[in-house]
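An overview of the molecular structure
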Amino acid sequence: MPTLFDKIWDAHVVDRLADGTAILYIDRHLVHEVTSPQAFEGLRMSGRRVRRPDATLAVVDHNVPTSDRSLPMEPGDSLTQIETLERNVAEFGVPYFPLRSARQGIVHIIGPEQGVSLPGMTIVCGDSHTSTHGALGALAFGIGTSEVEHVLATQTLLQKPAKNMLVRVEGTLAPGITAKDVMLAIIGTIGTAGGTGHVIEFAGSAIRGLDMAGRMTICNMSIEAGARAGLVAPDDTTFEYVRGRPFAPSGEAFDRAVEYWRTLFSDPDARYDRVVELRAEDIAPLVTWGTSPEDVLPITATVPDPADAPEESRRAQVQRMLDYMGLVPGQRLDELPVDVVFIGSCTNGRIEDMRAAARIVAGRQVAPGVRAMVVPGSGMVKQQAEREGLDKVFLDAGFEWREAGCSMCLGMNPDKLKPGQRCASTSNRNFEGRQGPGGRTHLLSPAMAAAAAVTGHLTDVRSFN
Amino acid sequence: MDAFTSLTGIAAPLPEANIDTDKIIPARFLKTIKRSGLGVNAFDAMRYNEDGTEKPDFVLNREPYRRAQILVTYENFGCGSSREHAPWALLDFGIRCVIAPSFADIFHNNCFKNGILPVQLPREVCERLMEDARLGANGRLTVDLERQVVVRPDGQEIPFEVDALRRRLLLEGLDDIGQTLQHGEAIERFEQGRVAERPWMPAISLA
């Protein structure tokens, strides 16, 4: 009666300490420039090596410019961090996709894309959105830099098992409703601390019906629900996605792998510590209005009134969020003008997201005064989009078509909001200052972001269908 | 890592829930390749005006809280990103202990790796400690990890729970890599078994 999480966990316990803490083996370690320099420095200072370079992959993503890559980067802290990673991977023999490689991209886009992330694996990275890889049926979670060093040195982590949560979404999504809306609905239901201490398994017919990109969007934002990781049991959709990817097994090895992967599901009588159920039909296109991903409403709603909050502390919190977001109670969400539209990130930077946005944009123009940008999640996504002519669709409409990276999701590179700017963003966090100091973020799906770019205000994408 | 045994110090009241890691240290300060020096930008947006001057109302800009070693705050502290820069920034500012009703998982984990003790206590207890913290230098708290108690200014002792292994590592200031490497043989055995059971598992090689 084990759950999917239990099965993957049990298959990776190397040893147990006296108090029950497990030494958990890590199959894949993804490394990027921001959370690794101090870890490599720690190895150097203690004379340790990277135990399994062949289970490690490094890439630059957080800090990289998304402008013309034929130009040299400006000197400064970002360049220093990138050069530091390049020195470290050379010294420790870690495989690395450099900035000007087509395989470069956001670490959580390239892992699945390259077949580096596979079902049944344990996957870690010094980044909270590592939960993305759980869409393949892998146990994938974010770690801090000390743990990055621990994995580099030992290929293991000291871990206590998580609790099991099941989120079941049954039914059929209405036209215009995407995986992003499903996940925002889940976060709105359980809250940003709802999953604390748990691994969430996403199940039900609406989840089964999603393609891998959609499942990755869902698992990506498990961390916004407070969970340690998100999981979807692997099925034929997963196996077909993995087949033929550069680092995936092939031929007979692939068949043997699938045989094993087919054992990775929660038993029918599996016990969960918590079960949450949603009806797919109840989910509308959603946008966030506040500064926490749980503050989400249907696009047809109005800005909430703090006076309606049940208790004083929540009233004050809502008021603070409205002040920061420049909103007044009762304003229609679908009339809020936007200054910037950002389509990209590890949440929504895959080819399927580009296509969904392009379908809305085709034959239309970006509204006057709006800066609209598309940042593909990887060089491979960019190439694929260009083969399909999507770059032309965006450029003709007045969008910027940029190079791959994390970009305006977290504003570490030059792609930032200016204070007071309102942004329709396909990213994952609407925290104060996340996309730039004073910036105002509304999280939504790629199709909804594209619709906002065209109309100049938050818009119900269903009016485009 | 510095050991944590017992600490008596000024506690800063930060009566807000969901303080995320972008608030603790915004992303633009993560471009460092060191662990030190982040304290000046801890809580940057709450602490400074756009022109870089201090916001006089913010608690850590006021005496005696500039010397605070303990933070008392509310639910889900440290939610958001996995950046260890958040505990590094707190530590560099001088904070060695955070008391809250709940913590986000990764942040909670990261604290222990850096000699910071996160103490989880029920909301109503945190509200009482918040009142103590508001007394400033007269409201010093003692956090005793050996005895697992928080001592209020009036001497009342509040017990707290902490994971036994983490407590031991913190008390001794131990690096847990050394601890794990003692199990090197078990790791090797596991790796050999894994090759036998799952031979299809590919190596990552760019050669």
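Residues numbered from 1 in each chain as written. Chains lettered and ligands numbered in written order. Predicted model: local features only at pLDDT ≥ 70, side-chain atom pairs only at ≥ 80, totals over all residues. Heavy atoms only, no water.

**Focus on the overall build of chain B**
Note the following rule: Numbered from the N terminus, helices here are DSSP runs of H or I no shorter than four residues, and strands are runs of E no shorter than two. Note on exposure labels: buried denotes an accessible area under 20% of the residue type's maximum, exposed denotes more than 50%, and partly exposed covers the range between, all computed with a 1.4 Å probe on protein chains only. Whether two residues touch is decided by their heavy atoms; if any such pair falls within 4.5 Å, the residues are in contact. Per-residue and other accessible areas follow the Shrake-Rupley method at a 1.4 Å probe size, with only the shown protein chains counted as cover for residues.
Across its full length, chain B holds eight helices and eight strands. Taken along its principal axes, the extent of the C-alpha atoms in chain B is 65 × 45 × 25 Å. Looking at the 207 residues of chain B, the share that counts as buried comes to 60%. Sequence separation of 24 or more characterises 66% of the internal contacts of chain B that already satisfy a separation of 6 or more. Surface accessibility of chain B: about 8,500 Å² in total, with carbon and sulfur atoms responsible for 47%.

**Things to note about the interface of chain B and chain A**
Spelled out, the test is: Values labelled buried area give the accessible surface lost by two parts on being combined, using a 1.4 Å probe and summing over both. The salt bridge criterion pairs a side-chain nitrogen of Lys or Arg with a carboxyl oxygen of Asp or Glu, the two atoms within 4 Å. In protein, a polar contact means a hydrogen-donor-capable atom and an acceptor-capable atom, both N or O and within 3.5 Å, with residues adjacent in sequence counting only if both atoms are side-chain atoms; elsewhere, any N or O pair within 3.5 Å suffices. Basically, the charged four are Asp, Glu, Lys and Arg, the nonpolar ten are Ala, Val, Leu, Ile, Met, Phe, Trp, Tyr, Cys and Pro, and anything else, Gly included, counts as polar.
Contacts between chain B and chain A engage 56 residues on the former and 82 residues on the latter. Summed over both partners, the interface of chain B with chain A comes to about 5,600 Å²; 57% of that surface belongs to carbon and sulfur atoms. Sorting the residues of chain B by area buried against chain A places K31, W200 and I204 of chain B first, and these three jointly supply 15% of that buried surface. Inspection of the chain B/chain A interface yields eleven salt bridges. In this structure, E149 of chain A and R35 of chain B form a salt bridge, with 3.5 Å as the shortest nitrogen-oxygen distance. Scanning the region where chain B abuts chain A turns up 27 residue pairs in polar contact (both at pLDDT 80 or more). Mapped by element, the contributors of at least two residues to the side of chain B that touches chain A are α1 (21-24), α3 (85-93), α4 (105-112), α7 (176-181) and α8 (184-197) of chain B. Among the residues making up the side of chain B that touches chain A, the classes are represented as 20 nonpolar, 16 polar and 20 charged.

**Digging into the pattern of salt bridges**
Within this structure, the stated rule accounts for 49 salt bridges over all chains. Among the ionic pairs, D235 of chain A bridges to R215 of chain A, the shortest N-O distance being 2.9 Å. One end of the pair, D235 of chain A, is in the loop between β11 (229-231) and α9 (236-242); the other, R215 of chain A, is in helix α8 (residues 212-220), and 20 residues separate them in sequence. Given a relative accessible area of 17%, D235 of chain A falls into the buried group. Of the residues examined, R215 of chain A reaches a relative accessible area of 0% and is grouped as buried. Among the salt bridges present, the one from E281 of chain A reaches R279 of chain A, with a minimum N-O distance of 3.0 Å. Shared partners join several salt bridges into a network, and the residues in it are R51, R52 and D54 of chain A together with E191 of chain B.

**Focus on the confidence of the model for chain B**
Stated precisely, the cut-off is as follows: Each residue gets a pLDDT score, which is the predictor's confidence in that residue and runs from 0 to 100.
For chain B, the mean per-residue pLDDT works out to 96, and 100% of the residues sit at or above 70. Across the interfaces of the predicted complex, the ipTM metric reaches 0.93, alongside a pTM of 0.96.

**Re the domain arrangement of chain B**
Put simply, the rule reads: What marks off one domain from the next here is an automatic or database domain assignment.
You can read the domains of chain B as domain 1 (6-173) and domain 2 (175-207). Using only C-alpha atoms to locate each centre, domain 1 of chain B and domain 2 of chain B end up separated by 36 Å.

**A closer look at the sheet that holds strand β1 (residues 13-16) of chain A**
Rules: Only when DSSP finds a minimum of two bridges between them are two strands counted as paired. The convention used is that axes are lines fitted to C-alpha atoms, helices contributing only their stretch in contact, and that angles between N-to-C directions extend from 0 to 180 degrees.
Within the open sheet, the three strands sit side by side as β1-β2-β8 (chain A). Their pairing is antiparallel. Among the strands making up the open sheet, the edge pair consists of β1 and β8 (156-159) of chain A. In this sheet, adjacent strand axes meet at a mean angle of 25° when their direction is disregarded. Across four bridges, strand β2 (residues 22-25) of chain A lies against β8 of chain A in antiparallel orientation. Opposite A22 of chain A, over in β8 of chain A, you have Q159 of chain A as the bridge partner. On the sheet, α8 of chain B packs against β1, β2 and β8 of chain A and is oriented at approximately 155° with respect to β1 of chain A.

**Re the UniProt feature "domain: Aconitase A/isopropylmalate dehydratase small subunit swivel" (unreviewed entry) in chain B**
Inclusion rule: UniProt positions are given in the numbering used here, feature names are shortened, and annotations may be inferred rather than shown by experiment.
Following the UniProt record, one finds the feature "domain: Aconitase A/isopropylmalate dehydratase small subunit swivel" (unreviewed entry) at residues 1-123 of chain B. Annotated as residues 1-123 of chain B, this span is 21% helix and 16% strand, and its ends, taken at the C-alpha atoms, are 30 Å apart.

**Things to note about the packing of helix α2 (residues 37-46) of chain A against helix α5 (residues 145-154) of chain A**
Residues and elements named next belong to chain A. As a reminder, the rule being used: Oblique is the label for any angle not under 35 degrees, not over 145, and not in the 65 to 115 range, which are roughly parallel, roughly antiparallel and roughly perpendicular in turn. Should the near helix be turned counterclockwise from the far one by less than a right angle, the crossing is left-handed, whereas a clockwise turn marks it as right-handed.
Where α2 meets α5, the closest approach of the two axes is 8 Å, and the angle between their N-to-C directions is 50°. Between α2 and α5, the angle is such that the two are oblique. Here the hand of the crossing between α2 and α5 comes out right-handed. Packed against α2, whose contacting residues are Q38, A39, F40, G42, L43 and S46, the element α5 presents T145, V148, E149, L152 and A153 at the interface. Residues that form the contact of α2 with α5 fall into these classes: six nonpolar, four polar and one charged.

**Some points on the UniProt feature "binding site: [4Fe-4S] cluster" (unreviewed entry) in chain A**
All names here are of chain A. Which entries qualify depends on this criterion: Only protein atoms enter the 1 Å grid, on which a cavity is a set of points fitting a 1.4 Å probe that cannot get out and a pocket is an open set with protein on both sides within 12 Å along at least 5 of 7 lines, lining residues being those with an atom within 4 Å of a point.
Those residues carrying the UniProt feature "binding site: [4Fe-4S] cluster" (unreviewed entry) are C346, C406 and C409 in this numbering. What stands out for the annotated residues spanning 64 residues is how close their C-alpha atoms remain, the widest pair being 8.7 Å apart. Within this annotated set, the largest cavity is lined by C346, C406 and C409. Mapped onto the elements of the fold, C406 is located in the loop between β17 (400-401) and β18 (422-425). Apart from residues no more than four positions distant in its own chain, C406 is found in contact with D61, H62, I106 and F342. Counting through the fold element by element, C409 comes out in the loop between β17 and β18. On the basis of relative accessibility, which here comes to 5%, the residue C409 falls in the buried class.

**Section: the side chain of S117 of chain A**
Residue and element names in this part refer to chain A. Along the chain, S117 falls in the loop between α4 (107-113) and β6 (122-125). Judged by its relative accessible area of 1%, S117 is buried. Polar contacts involving the side chain of S117 include one to the side chain of H133, which spans 2.8 Å. Every residue in contact with S117, bar those within four places of it in the chain, is listed here: G111, P112, I123, H133 and L136.

**A closer look at empty space enclosed by the protein**
Summary: where empty space remains is shown by rolling a probe the size of a single water molecule over the atoms. Heads up, the condition is: Grid points are joined across faces, edges and corners, and a volume is the space filled by probe spheres set on the points.
For the structure on display, the rule yields four cavities of 30 Å³ or more. If you add up the space inside the largest cavity, you get close to 210 Å³. Together, 23 residues line the largest cavity, and H62, D127, H129, L410 and R434 of chain A are the ones closest to its centre. Within the residue set of the lining of the largest cavity, elements represented by two or more residues are α4 and α12 (345-348) of chain A. Computed from the structure, the second largest cavity encloses a volume of approximately 150 Å³. As for the second largest cavity, its lining consists of 13 residues, of which T291, Q317 and M321 of chain A together with N18 and K23 of chain B are closest to the centre. If one sorts the elements of the lining of the second largest cavity by residue count, helix α11 (residues 312-325) of chain A sits on top with three residues.

**Re the packing of aromatic side chains**
Definition in use: Centres within 6.5 Å are what make two rings of Phe, Tyr or Trp a pair, Trp counting through its six-membered ring; a difference in plane orientation under 30 degrees is then read as stacked, over 60 as edge-to-face, and the rest as tilted.
Inspection of every chain in the model, using the stated rule, returns twelve aromatic pairs over all chains. With a centroid separation of 6.0 Å and an interplanar angle of 35°, the aromatic rings of Y260 of chain A and W200 of chain B are classed as tilted. Residue Y260 of chain A is found in helix α10 (residues 252-261), and its partner W200 of chain B is found in the segment after α8; the two belong to separate chains. The class for Y260 of chain A is partly exposed, based on a relative accessible area of 22%.

**Some details on unusual backbone geometry**
For the peptide bond that leads from E63 of chain B to P64 of chain B, omega is 5°, which places it in the cis range. Position of P64 of chain B relative to the elements: it lies in the loop between α2 (44-47) and β3 (70-73). If you check the backbone angles, S407 of chain A has positive phi at about 55° while not being a glycine. Looking at the element boundaries, S407 of chain A is found in the loop between β17 and β18. Of the residues examined, S407 of chain A reaches a relative accessible area of 0% and is grouped as buried.

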